[in-house]
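If you want the building blocks of each chain, they are given just below.
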Amino acid sequence: MIYAQQQAAWQVAINVAHYFKFTDGEESVDKSMIADNYRKIAKDLQEAYDVEKRRLRGNKFKIAQRVDRPYTSPPTGKSRRRWLWRRF
């Protein structure tokens, strides 16, 4: 849904890029910033889409524990804990 919103914002920004600024005496019309606002919205939506895509398709690499090896490293003599190794 975010991707569709982002694409729609870009299309609107492209379509309103020709808008103008007009001043006539006391009256003035400024529609030149509309395209910039839609471009900013599209950029924010693109960032939100990228974050969501990374969250859903992120790296799920995991390493399984080895059954033939103990859970901990061999004792170094510094820890004073004995029997850290798993017994079979």
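Description of the structure in this document. (Residues numbered from 1 in each chain as written. Predicted model: local features only at pLDDT ≥ 70, side-chain atom pairs only at ≥ 80, totals over all residues. Heavy atoms only, no water.)

Secondary structure summary: the protein contains two helices and two strands in total. Shown N-terminal to C-terminal, the secondary structure of the protein runs as helices and strands in the order α-β-β-α. Of all 88 residues assigned to the protein, the portion counted as buried reaches 8%. Considering only intrachain contacts with a sequence separation of at least 6, the fraction spanning at least 24 residues in the protein is 35%. Surface exposure of the protein reaches about 8,400 Å², of which carbon and sulfur atoms provide 55%. (Helix = DSSP H or I, 4+ residues; strand = E, 2+ residues; numbered from the N terminus. Buried < 20%, exposed > 50% of the residue type's maximum accessible area, 1.4 Å probe, protein only. Contact = heavy atoms within 4.5 Å. Areas by Shrake-Rupley, 256 points an atom, 1.4 Å probe, with all protein chains shown as cover.)

On to the pattern of salt bridges. On inspection of all chains with the given rule, the structure shows two salt bridges. Note that Arg55 and Glu52 form a salt bridge whose closest N and O atoms lie 2.6 Å from each other. Highlighted residues: Arg55 and Glu52, both in helix α2 (residues 34–56), separated by three residues, approximately one helical turn. On the accessibility criterion, Arg55 (57% relative accessible area) is exposed. (Salt bridge = Lys/Arg side-chain N within 4 Å of Asp/Glu carboxyl O.)

A separate point is the pairing of strand β1 (residues 21–24). Where β1 meets strand β2 (residues 27–30), four bridges bridge the pair, whose relative direction is antiparallel. Bridging across to β2, Thr23 finds its partner in Ser28. Between β1 and β2, which pair antiparallel one after the other, the connecting turn spans two residues, and Gly25 there sits at a positive phi close to 65 degrees. (Pairing = 2+ DSSP bridges.)

This brings us to α2. Spanning 23 residues, α2 covers 33 Å between terminal C-alpha atoms, matching the ideal 33 Å at 1.5 Å per step. Taken as a whole, α2 has its buried residues at Ala35, Ala42 and Leu45. (Expected span 1.5 Å × (residues − 1).)

Let us now look at a nonpolar patch on the surface. The grouping of Val12, Tyr38 and Ile41 at the surface amounts to a nonpolar patch, some 210 Å² of accessible area in total. Locating Tyr38 in the fold gives a position in helix α2. (Patch = residues over 30% accessible without salt bridge, like charges linked within 9 Å, V, L, I, M, F, W, Y side chains within 5 Å.)

Glancing now at the packing of aromatic side chains. Under the definition given, this model contains one aromatic pair. Note on Tyr3 and Tyr49: the rings are 5.1 Å apart at their centroids and 45 degrees apart in plane angle, and the pair reads as tilted. Here Tyr3, found in helix α1 (residues 2–15), pairs with Tyr49, found in helix α2; they are 46 residues apart in sequence, far enough to count as distant. Since its relative accessible area comes to 42%, Tyr3 is described here as partly exposed. Residue Tyr49 is classed as partly exposed on the basis of its relative accessible area, which comes to 24%. (Phe/Tyr/Trp six-rings, centres within 6.5 Å; stacked < 30°, edge-to-face > 60°.)

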